[in-house]
Amino acid sequence: VQLQAFGGGLVQPGGSLRLSCAASGSISSIAAMGWYRQAPGKERELVAAITSDGSTNYGPPVKGRFAVSGDSAKNTVSLQMNNLKPDDTAVYYCSAAIQSLSGRWTYNWGPGTLVTVSS
């Protein structure tokens, strides 16, 4: 199973950016997908997650500004980030709880994509 993320880059404060992540491989089902981020010198923190039934969860710093969505048919998750702030600068990691075709559940991480918010 692999996770591949797209969409990081440089954006000015107040701007928007959209991240996408696709899971591929021997996938039977996905219980949840989401995004974490890690800024320099800080611990990794939850940004947003969505379960297979559509329930969402957001980290307090991004509530009201970010929106997570998923497409279970395509095994993808997206993160729409609006009103970005310099404090949002971090490496963003896609994550997913995946059941393989063998029935084994694993928690998977993508390689990370850098988001830089700066003027």
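Further up the page is the structure itself.
Anyway, here's the lowdown on the structure attached to this text.

Reading the values: rules and limits
- Residues numbered from 1 in each chain as written.
- Predicted model: local features only at pLDDT ≥ 70, side-chain atom pairs only at ≥ 80, totals over all residues.
- Heavy atoms only, no water.
- Core = buried A, V, L, I, M, F, W, Y, C linked by side-chain atoms within 4.5 Å.
- Buried < 20%, exposed > 50% of the residue type's maximum accessible area, 1.4 Å probe, protein only.
- Helix = DSSP H or I, 4+ residues; strand = E, 2+ residues; numbered from the N terminus.
- Contact = heavy atoms within 4.5 Å.
- Phe/Tyr/Trp six-rings, centres within 6.5 Å; stacked < 30°, edge-to-face > 60°.
- Lys NZ or Arg CZ within 6 Å of the ring centre and 35° of its normal.

1. Here's the deal with the nonpolar core
Ranked by internal contacts, the top residues of the largest apolar core, which has 29 residues, are M33, W35, L79, M81 and Y92. Going through the elements one at a time, strand 3 (17-24), strand 4 (27-38), strand 5 (45-51), strand 7 (66-71), strand 8 (76-81), strand 9 (90-100) and strand 11 (113-117) are the ones with two or more residues in this core. If you tally residues by element for this core, the top one is strand 9, at five residues. The contacts of Y92, once residues within four sequence positions are left out, are L19, W35, Y36, R37, V47, F66, L79, M81, G112, T113 and V115.

2. Structural notes on the packing of aromatic side chains
Taken as a whole, this structure holds two aromatic pairs when the rule is applied. Aromatic side chains Y36 and W109 sit 5.1 Å apart centroid to centroid with 65° between the ring planes, which places their arrangement in the edge-to-face category. Of this pair, Y36 sits in strand 4 while W109 is found in strand 10 (residues 105-109), placing the two residues 73 residues apart along the sequence. Note on W109: relative accessible area 37%, which makes it partly exposed. Relative to W109, the ring of Y107 lies with its centre 5.5 Å away and its plane at 65°, an arrangement referred to as edge-to-face. On the basis of relative accessibility, which here comes to 44%, the residue Y107 falls in the partly exposed class. Counting every residue linked through ring pairs, the aromatic cluster contains Y36, Y107 and W109. In this structure, R44 is placed above the aromatic ring of Y93, and the distance from its NZ or CZ to the ring centre is 3.8 Å.

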